[in-house]
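# Structure assessment
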Amino acid sequence: MNDLQTDALNVKLPGGRVYVNRWTPDADSGKPPIILLHESLGCVGLWRAFPAELAEATGRSVIAYDRLGFGRSDARNSMPSRQFIEEEATRYFPALKEQLSLSRYALLGHSVGGGMAIHIAARDPDCQAVVTLSAQAFVEDRTLTGIRDAEQMFAQPGQMARLEKWHGEKASWVLRAWTDVWLSDAFRDWSLLPEIGRVRCPVLAIHGDRDEYGSAAFPDFIARHAAGPADRLLLEDCGHMPHKEQPAAVIYAIRDFLDNLP
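Residues numbered from 1 in each chain as written. Predicted model: local features only at pLDDT ≥ 70, side-chain atom pairs only at ≥ 80, totals over all residues. Heavy atoms only, no water.

### Some thoughts on the nonpolar core
By size, the foremost hydrophobic cluster in this structure holds 61 residues, and its most contacted members are Leu-96, Leu-107, Val-130 and Trp-182. Ranked by residues supplied to this core, first place goes to helix H6 (residues 171-182) with eight residues. Sequence-distant contacts of Trp-182, defined by excluding residues within four places in its chain, comprise Ser-40, Phe-84, Ile-85, Val-112, Gln-136, Val-139, Thr-143, Leu-144, Ile-147, Phe-187 and Trp-190. Listed in part, the 28 residues of the second largest apolar core include Val-44, Phe-50, Val-62 and Ala-253. (Core = buried A, V, L, I, M, F, W, Y, C linked by side-chain atoms within 4.5 Å. Buried < 20%, exposed > 50% of the residue type's maximum accessible area, 1.4 Å probe, protein only. Helix = DSSP H or I, 4+ residues; strand = E, 2+ residues; numbered from the N terminus. Contact = heavy atoms within 4.5 Å.)

Here you go:
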């Protein structure tokens, strides 16, 4: 891998400071950066080598941040509301964009981060493109079963240490922020409608055929309802972490998608 410049900083947003990391390739193309939005249990560190590899492959800067309550960002005292996906797009991301002096950019969201990317793109014409990885488009029975299984797994002795490694004392909050909202009756009817119908920039929905939290109906839904050009890629023998399970295929697809933007 060629040398990359890596910069870390803390940015003040409504409610506290968030941790941000940026990877800039030596041969930076000058094209709009890619902003990563992590999953429900994720953080910057859990992207592991993917941001650096993506920056090198695309020639674009890659920026990842820990949402408030996650990773190295400040803790939150209360649980997220049932509108937390929309709130990331209306309250937190616009402030981050301003603090980082971003103009045009592309979004890449994993799991619930994909839903957040759709909400952001629906509201901000500066978003050049959206890539979703394993994004939920609505709530399937498989989604709820997968979350209940994970909740039971983390209840086993020693399992919470896996979250504490990345989130420290915030680990219990991180788990509850995921399970309490998604398993609530009030969230059962959530979907990406009508926001997906307002997304006019190009969209690529990547999904694994063995995703534990959602079927191929999710990328189909995203590609079908987007207002602009949209496509889906279903990876064979792949679960909920395509960027870790099949990183070469994912990075190739993203690079090809971004290189062929209008």
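Resuming the write-up.
### Considering the pairing of strand E5 (residues 105-110)
Counting buried positions along E5 yields six of six residues, so the element is predominantly enclosed. Residues Tyr-105, Leu-107 and Gly-109 line one face of E5 and the alternating positions Ala-106, Leu-108 and His-110 line the opposite face, and both faces are buried. By the bridge criterion, four bridges tie strand E3 (residues 34-37) to E5 in an arrangement that is parallel. From the neighbouring strand, Ile-35 faces E5, where its bridge partner is Leu-107. Relative to strand E6 (residues 127-133), E5 is paired through six bridges, and the arrangement is parallel. Residue pairing across strands places Tyr-105 opposite Cys-127, the latter belonging to E6. You can see the chain leave E5, run along helix H3 (residues 112-123) and come back into E6, and the turn it takes is right-handed. (Pairing = 2+ DSSP bridges. Right-handed = clockwise from strand over helix to strand, strands pointing away.)

### Topic: the packing of aromatic side chains
Tallied over the entire structure, the rule returns 10 aromatic pairs. Pairing Phe-138 with Phe-218 gives two aromatic rings, centres 4.9 Å apart and planes at 90°, and the pair type is edge-to-face. Of this pair, Phe-138 sits in the loop between E6 and helix H4 (141-154) while Phe-218 sits in helix H7 (residues 217-225), placing them 80 residues apart in sequence. Phe-218 sits in the buried class, given a relative accessible area of 0%. Measuring from centroid to centroid gives 4.8 Å for Trp-182 and Phe-187, while their planes differ by 70°, and the two rings are edge-to-face. (Phe/Tyr/Trp six-rings, centres within 6.5 Å; stacked < 30°, edge-to-face > 60°.)

### Details of the pairing of strand E7 (residues 203-208)
In terms of residue burial, E7 counts as a mostly covered element, since six of its six residues are buried. Side chains of E7 alternate between two faces, with Val-203, Ala-205 and His-207 and Leu-204, Ile-206 and Gly-208 buried alike. Two strands pair when backbone bridges link them, and E6 and E7 are joined in this way by four bridges, in the parallel orientation. Across the sheet, residue Val-131 finds its bridge partner in E7, namely Leu-204. Pairing between E7 and strand E8 (residues 230-235): six bridges, direction parallel. Counterpart to Val-203 in the pairing with E8 is Ala-230. At this point the chain moves from E7, through H7, to the parallel E8, and the crossover so formed is right-handed.

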